[in-house]
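# Overview (structure and organization)
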Amino acid sequence: MAKNEPIKQHYIPRSYLKNFGVEGNNGNYFVDAYRLEDDLLLEQISTKSICFQKNLYTIPNAEIDRKYDLEYHYAEHVDSEFPKIYKLLVDENVKILTSEQKRQVLYVCLSLYFRTPRFLNHQNAFTDQILDRMLLYADENGDVKFTFEEEKHEFNIKDIGKVRHEFKERNRIKFLVQHLEKWKEFVDFKYDCTINVHRINDEDAPLITCDNPVSIRGVKSTRFEGLFNPDSVITLPLDTKYYLEIFPNSIADGQTRINRMVHDRDYVFTTNGIVQINAEKLIIGKPGTIERHFEIQSSYEDSENGEQFVEKAKYKLEQLQKFTELFEKKGLTSKETVGQLRKMLSHEYFKDEDQLIQMKRLLIAAGHWNQNPK
């Protein structure tokens, strides 16, 4: 095997992971990683040594110069492109994207969902369960016969290792084909989305990430409700300070602007909680940030802090829902909508909401802000 054959293939690009690490020698980046299976914190480990799987994208039975085409595609069109996308998203002077930039943001960021092996791992676990069960029905000679997914299978129990390998390779090939199809289809489906980027204003409340960083969940239920559910919101931590949010199709506007918002520790508590739930094996962060995440979690378990958090979240949700209803029924410039916006901005819970502040500036410029002074 040639030394330059890329058999060690990262499903979370190192160009993404570096945003949660510190730079060492020779351009290497190091992160802390919390291993969920044994509650072990691994400190200062290289991004080279996590979030990879050997030959995950290697194409079987391909010519020698084509077998790594998919891995090369990821390297050229995703991994090397992520720093450019990241720079666009965290640059607060960037308000509008071109159509091509918006599609590239979706293509690159959503790849972190489709290329991870979690679906493949789940299918392999299911296959193992099927084979283990079929072994119980072997005849006196150790022969096993069964039909699975409309295909007949026959083998002897002494060949079970080979059979498992064949089943898992078949699963991998199916994964290679299907994830590419779904990825492209989903980018097209989400193109009209609204893009938000949130900045955390608390330096002592850093964001973390994981080995499955893209979350897709119902905007109201917070559960996964199907890939093409129009009410799903998509989120991705970009670094310890910025967080990407792709709004549901049901409230998409088709624009290429980036809505920029500012949030506090409460937001970090909820978003880091989502990251932790979404993780397959690893929670990942800059040195010290994972411990800080657990400290913040513990602080919200205190009854007083917990009550304050619930009260704040409930108030903000109620006021935002009221504003949205007025906006949809009467328009942004109506007296009722302006009055509700004024009420929210006068409250401490909304003082750093950049999107609401931008709306206020727009209304002032158009001469509508002082029409309903209260």
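Notes on the structure in this doc start here. (Residues numbered from 1 in each chain as written. Predicted model: local features only at pLDDT ≥ 70, side-chain atom pairs only at ≥ 80, totals over all residues. Heavy atoms only, no water.)

## A word on the overall build of the chain
- Looking only at helices and strands, one finds 11 helices and 14 strands in the chain.
- Taken over the C-alpha atoms alone, the chain extends approximately 90 × 50 × 50 Å along its principal axes.
- Classification of the 374 residues of the chain by burial places 45% in the buried group.
- Residue pairs at least 24 apart in sequence account for 71% of intrachain contacts in the chain once pairs closer than 6 positions are excluded.
- About 20100 Å² of surface is accessible on the chain, with carbon and sulfur atoms providing 50% of the total.
- Of note, the chain has its 53 positive side-chain charges centred 5 Å away from the centre of its 60 negative side-chain charges. (Helix = DSSP H or I, 4+ residues; strand = E, 2+ residues; numbered from the N terminus. Buried < 20%, exposed > 50% of the residue type's maximum accessible area, 1.4 Å probe, protein only. Contact = heavy atoms within 4.5 Å. Areas by Shrake-Rupley, 256 points an atom, 1.4 Å probe, with all protein chains shown as cover. Lys, Arg positive; Asp, Glu negative; His and termini not counted. Charge placed at Lys NZ, Arg CZ, Asp CG, Glu CD.)

## So, the pattern of salt bridges
- Within the structure shown, the criterion is met by 17 salt bridges.
- Here arginine 199 makes a salt bridge to glutamate 92, at a shortest N to O gap of 2.7 Å. Of this pair, arginine 199 sits in strand S8 (residues 195–200) while glutamate 92 sits in the loop between helix H3 (82–90) and helix H4 (99–114), placing them 107 residues apart in sequence.
- Residue arginine 199 is classed as partly exposed on the basis of its relative accessible area of 22%.
- We note a salt bridge from arginine 292 to glutamate 295, for which the minimum N-O separation is 2.8 Å. On the criterion of helical spacing, the pair formed by arginine 292 and glutamate 295 is a turn pair, its members being three residues apart in helix H8 (residues 289–301).
- Residue arginine 292 is classed as buried on the basis of its relative accessible area, which comes to 18%. (Salt bridge = Lys/Arg side-chain N within 4 Å of Asp/Glu carboxyl O.)

## Observations concerning the sheet that holds S8
- The strand order across the open sheet formed by five strands is S10-S11-S12-S8-S13, and the pairing between neighbours is mixed. Taken across any chain shown, the strands that pair with only one partner, and hence form the sheet edges, are strand S10 (215–218) and strand S13 (258–263). Between one strand and the next, the sheet's axes are offset by a mean angle of 25 degrees, whatever the strand orientation.
- Strand direction decides the pairing type here: S10 and strand S11 (residues 232–237), joined by four bridges, are antiparallel. Looking across to S11, one finds that glycine 218 is bridged to serine 232. (Pairing = 2+ DSSP bridges. Axes fitted to C-alpha atoms, helices over the stretch in contact; angles between N-to-C directions.)

## Some words on a positive patch on the surface
- Together, Lys8, Arg14, Lys48 and Lys54 make up a positively charged patch on the protein surface.
- Look at lysine 54 and you get exposed, because its relative accessible area is 59%. (Patch = residues over 30% accessible without salt bridge, like charges linked within 9 Å, V, L, I, M, F, W, Y side chains within 5 Å.)

## What to know about helix H5 (residues 118–135)
- Taking 1.5 Å per residue as the helical rise, H5 with its 18 residues ought to reach 26 Å, and the 26 Å between its terminal C-alpha atoms agrees with that figure.
- Listed in full, the buried residues belonging to H5 are Arg118, Leu120, Asn124, Thr127, Leu131 and Met134.
- Taken together, the buried residues of H5 touch strand S5 (52–54), H4, strand S6 (143–148), strand S7 (151–156) and helix H6 (160–190). (Expected span 1.5 Å × (residues − 1).)

## Section: the environment of isoleucine 284
- Looking at the secondary structure, you find isoleucine 284 in strand S14 (residues 282–285).
- The exposure class of isoleucine 284 is buried, given its relative accessible area of 0%.
- A sequence separation of 119 residues divides isoleucine 284 from histidine 165, and the C-alpha atoms of the two residues are 31 Å apart.
- Discounting chain neighbours no more than four positions away, the residues touching isoleucine 284 are Leu17, Val31, Asp32, Ile50, Cys51, Ile208, Thr209, Cys210, Asp211 and Ile290.

## Some words on a negative patch on the surface
- A contiguous patch of negative charge, built from Asp139, Glu140, Asp143 and Glu154, is present on the exposed surface.
- Here aspartate 143 is to be found in strand S6.
- Of the residues examined, aspartate 143 reaches a relative accessible area of 31% and is grouped as partly exposed.

## Describing H8
- Relative to the 18 Å expected for 13 residues at 1.5 Å per residue, H8 spans 19 Å between its end C-alpha atoms, a close match to the ideal helical length.
- Of the positions making up H8, those classed as buried are Thr289, Ile290, Arg292, His293, Ile296 and Tyr300. With its buried residues spanning 160 degrees around the axis, H8 presents them on a single face. (Arc of directions from axis to C-beta.)

## Remarks on the environment of leucine 207
- Along the polypeptide, leucine 207 turns up in the loop between S8 and strand S9 (209–210).
- For leucine 207, a relative accessible area of 1% puts it in the buried group.
- Each C-alpha atom, one on leucine 207 and one on glycine 285, is 7.7 Å from the other, the two residues being 78 residues apart in sequence.
- With residues up to four places along the chain from it excluded, the contact list for leucine 207 reads Phe20, Ile200, Asp239, Thr240, Lys241, Tyr242, Tyr243, Val268, Thr271 and Asn272.

## Re the packing of helix H2 (residues 69–79) against H4
- At their nearest, the axes of H2 and H4 sit 10 Å apart, and the two run at 130 degrees to each other. What the angle tells us is that H2 and H4 run oblique. Taking contact as the criterion, the partners of His73, His77 and Val78 in H2 are, on H4, Gln104, Tyr107, Val108 and Ser111.
- Here the contact of H2 with H4 is built from residues that sort into three nonpolar, four polar and no charged. (Parallel < 35°, antiparallel > 145°, perpendicular 65-115°, else oblique. Nonpolar A, V, L, I, M, F, W, Y, C, P; charged D, E, K, R; others polar.)

## Here we look at the nonpolar core
- The biggest cluster of nonpolar side chains holds 53 residues, and the ones touching the most others in it are Leu89, Leu238 and Leu244.
- At eight residues, the largest contribution of residues to this core is made by H4.
- Beyond its immediate stretch of four places on either side in the chain, leucine 238 contacts Tyr16, Asn19, Phe20, Tyr86, Leu89, Val90, Val197, Tyr243 and Leu244.
- Core analysis: the next-biggest nonpolar cluster, separate from the first, contains 11 residues, Phe323, Val338, Met344 and Phe350 among them. (Core = buried A, V, L, I, M, F, W, Y, C linked by side-chain atoms within 4.5 Å.)

## Considering the packing of aromatic side chains
- Inspection of every chain in the model, using the stated rule, returns 23 aromatic pairs.
- Judged by centre distance (6.4 Å) and plane angle (70 degrees), the ring pair of tyrosine 68 and tyrosine 72 falls under edge-to-face.
- Judged by centre distance (6.4 Å) and plane angle (55 degrees), the ring pair of tyrosine 315 and phenylalanine 350 falls under tilted. On the criterion of sequence distance, the pair formed by tyrosine 315 in helix H9 (residues 303–330) and phenylalanine 350 in the loop between helix H10 (335–345) and helix H11 (354–365) is long-range, its members being 35 residues apart.
- Under the relative-accessibility criterion, phenylalanine 350 is labelled buried at 0%.
- The ring of tyrosine 74 is capped by arginine 115, whose NZ or CZ atom sits 4.0 Å from the centre of that ring.
- In this arrangement the basic side chain of arginine 170 is found over the ring face of phenylalanine 167, its NZ or CZ atom lying 5.0 Å from the centre. (Phe/Tyr/Trp six-rings, centres within 6.5 Å; stacked < 30°, edge-to-face > 60°. Lys NZ or Arg CZ within 6 Å of the ring centre and 35° of its normal.)

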